[in-house]
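Listed here are the chains, written in short residue letters.
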Amino acid sequence: MKESRNLGPIELDGGSGGGAMEGMASFQGRALPVRVEIDFPERLSDAIVDDVDMVLDNLAFVDGLARNTIETGMRWDASAPAKLFEAWEQKRSGREGAHADFLDQLRPTRILILPDGGLASRERVAMTYGVADGTVSGTVTVRFMEPTGPELAPAPRAGFA
């Protein structure tokens, strides 16, 4: 059995079609749900566990890249962060809020780590954010793609409530 410095023993559910594990990591003084998915559990190695730990050891860096991606995405009206910001402003009784206020309200709600590359996906990490003040539901996800880097997941067709 392989052991993560951050998650403890790696115990995957599933089998030859893929395996996953749920855990928790500490980030910004709070527990952050972590999901690790591996398409080839039989290839689980110390190197793959090290990749998982590297992401979890560097959550502040990952968060910084994700926040920059979200902030950049707010420039495009059809993006998930722009739509979530619009819903956030409307829920605050029409008071206009600054983008910086909105960004301060975003908190990571989950991280997904896909360390072995999977079958067809280039996604390696996905960090999901929600609005901490609870005024609006919905999330924005930043996906870290190999080899191109972070990109925003599309906004839901129905928008945010």
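Preceding this paragraph is the structure being described.
Described in the following lines is the structure provided in the data block. (Residues numbered from 1 in each chain as written. Predicted model: local features only at pLDDT ≥ 70, side-chain atom pairs only at ≥ 80, totals over all residues. Heavy atoms only, no water.)

1. A look at the overall build of the protein chain
To keep things clear, this is the line we draw: Each helix is a run of DSSP H or I of at least 4 residues and each strand a run of E of at least 2, with the numbering of both proceeding from the N terminus. Our radius of gyration looks at C-alpha atoms and nothing else; its globule reference is 2.2 Å times the residue count to the power 0.38. Relative accessibility thresholds used throughout: buried, under 20% of the residue-type maximum; exposed, over 50%; partly exposed, between the two (1.4 Å probe, protein chains only). Where accessible areas are quoted, they stem from the Shrake-Rupley method and a 1.4 Å probe; at the residue level, only the protein chains shown are allowed to cover. In this tally, Asp and Glu contribute negative charge and Lys and Arg positive charge; neither His nor the terminal groups of the chain are included. Note on charges: their place is set at NZ of Lys, CZ of Arg, CG of Asp or CD of Glu.
Within the protein chain one finds four helices and nine strands. Shown N-terminal to C-terminal, the secondary structure of the protein chain runs as helices and strands in the order β-β-β-β-β-α-α-α-α-β-β-β-β. Here the C-alpha atoms of the protein chain give a radius of gyration of 17 Å, agreeing with the 15 Å that 2.2 N^0.38 yields for 161 residues. The principal-axis extent of the C-alpha atoms belonging to the protein chain is close to 55 × 35 × 25 Å. Burial status across the protein chain gives 45% buried among its 161 residues. Counting every atom, the protein chain has about 8,600 Å² of accessible surface; 49% of that belongs to carbon and sulfur. The average position of the 17 basic charges and that of the 25 acidic charges among the side chains of the protein chain differ by 5 Å.

2. Some remarks on the environment of Ile 111
Looking at the secondary structure, you find Ile 111 in strand β6 (residues 106-113). Residue classification places Ile 111 among the buried residues on the basis of a relative accessible area of 0%. Considering only alpha carbons, one finds Ile 111 and Tyr 129, 18 residues apart in sequence, at a separation of 9.2 Å.

3. Structural notes on the nonpolar core
Looking at soluble globular proteins, one finds that nonpolar side chains tend to be buried together. To keep it simple, the criterion reads: Only buried Ala, Val, Leu, Ile, Met, Phe, Trp, Tyr and Cys residues count toward a nonpolar core, and they belong to the same one when joined by side-chain atoms within 4.5 Å. In this analysis, two residues are considered to be in contact whenever any of their non-hydrogen atoms come within 4.5 Å of each other.
In this structure, Val 34, Leu 56, Leu 59, Leu 84, Phe 102, Leu 106 and Ile 111 are the most contacted members of the largest nonpolar core, which totals 39 residues. Residues contacting Leu 84, with those up to four places away along its chain left out, are Phe 102, Leu 106, Val 131, Val 136, Ser 137, Gly 138, Val 140 and Phe 160.

4. Examining the pattern of salt bridges
Stated precisely, the cut-off is as follows: The term salt bridge refers to a pairing of a side-chain nitrogen on Lys or Arg with a carboxyl oxygen on Asp or Glu at a separation within 4 Å.
Here the structure, examined in full by the defined rule, presents eight salt bridges. Lys 2 is paired through a salt bridge with Asp 46; the nearest N and O atoms lie 3.6 Å apart. In this pair, Lys 2 is assigned in the segment before β1 (3-4) and Asp 46 in helix α1 (residues 46-57), connecting sequence segments 44 residues apart. Looking at Asp 46, the relative accessible area reads 49%, which means it is partly exposed.

5. Regarding the packing of aromatic side chains
Keep this limit in mind: Working definition: rings of Phe, Tyr and Trp (its six-membered ring) pair if their centres are within 6.5 Å, and the pair is stacked with planes under 30 degrees apart, edge-to-face with planes over 60 apart, and tilted otherwise.
Across all of its chains, the model carries three aromatic pairs by this definition. Pairing Phe 85 with Phe 102 gives two aromatic rings, centres 5.4 Å apart and planes at 70°, and the pair type is edge-to-face. Here Phe 85 is found in helix α3 (residues 80-91), whereas its partner Phe 102 is found in helix α4 (residues 99-105), with 17 residues between them in sequence. Judged by relative accessible area, Phe 85 falls into the buried class, the value being 8%. Classification of Phe 102 by relative accessible area gives buried; the value is 0%. Note on Trp 88 and Phe 102: the rings are 5.4 Å apart at their centroids and 55° apart in plane angle, and the pair reads as tilted. Of the two residues, Trp 88 sits in helix α3 while Phe 102 sits in helix α4, which places them 14 residues apart along the sequence.

6. Digging into unusual backbone geometry
Following Glu 146, the chain continues to Pro 147 via a peptide bond in cis, the omega torsion being 5°. Within the secondary structure layout, Pro 147 lies in the loop between β8 (139-145) and β9 (149-152). Its identity as a non-glycine residue notwithstanding, Gln 28 has a phi of 55°, on the positive side. In this fold, Gln 28 is placed in the loop between β4 (18-27) and β5 (30-38).

7. Concerning the side chain of Ser 4
Test applied: Any pair of N or O atoms that falls within 3.5 Å is considered a polar contact. Within protein, one atom must be able to donate a hydrogen and the other to accept it, and sequence-neighbouring residues count only if both atoms are side-chain atoms.
Looking at the element boundaries, Ser 4 is found in strand β1. A distance of 3.0 Å separates the side chain of Ser 4 from the backbone nitrogen of Asn 6, its partner in a polar contact. A distance of 2.5 Å separates the side chain of Ser 4 from the side chain of Asp 53, its partner in a polar contact. Beyond its immediate chain neighbours, meaning those up to four positions away, Ser 4 contacts Ile 10, Val 49 and Asp 53.

The values reported here are purely geometric and, on their own, carry no functional implication.
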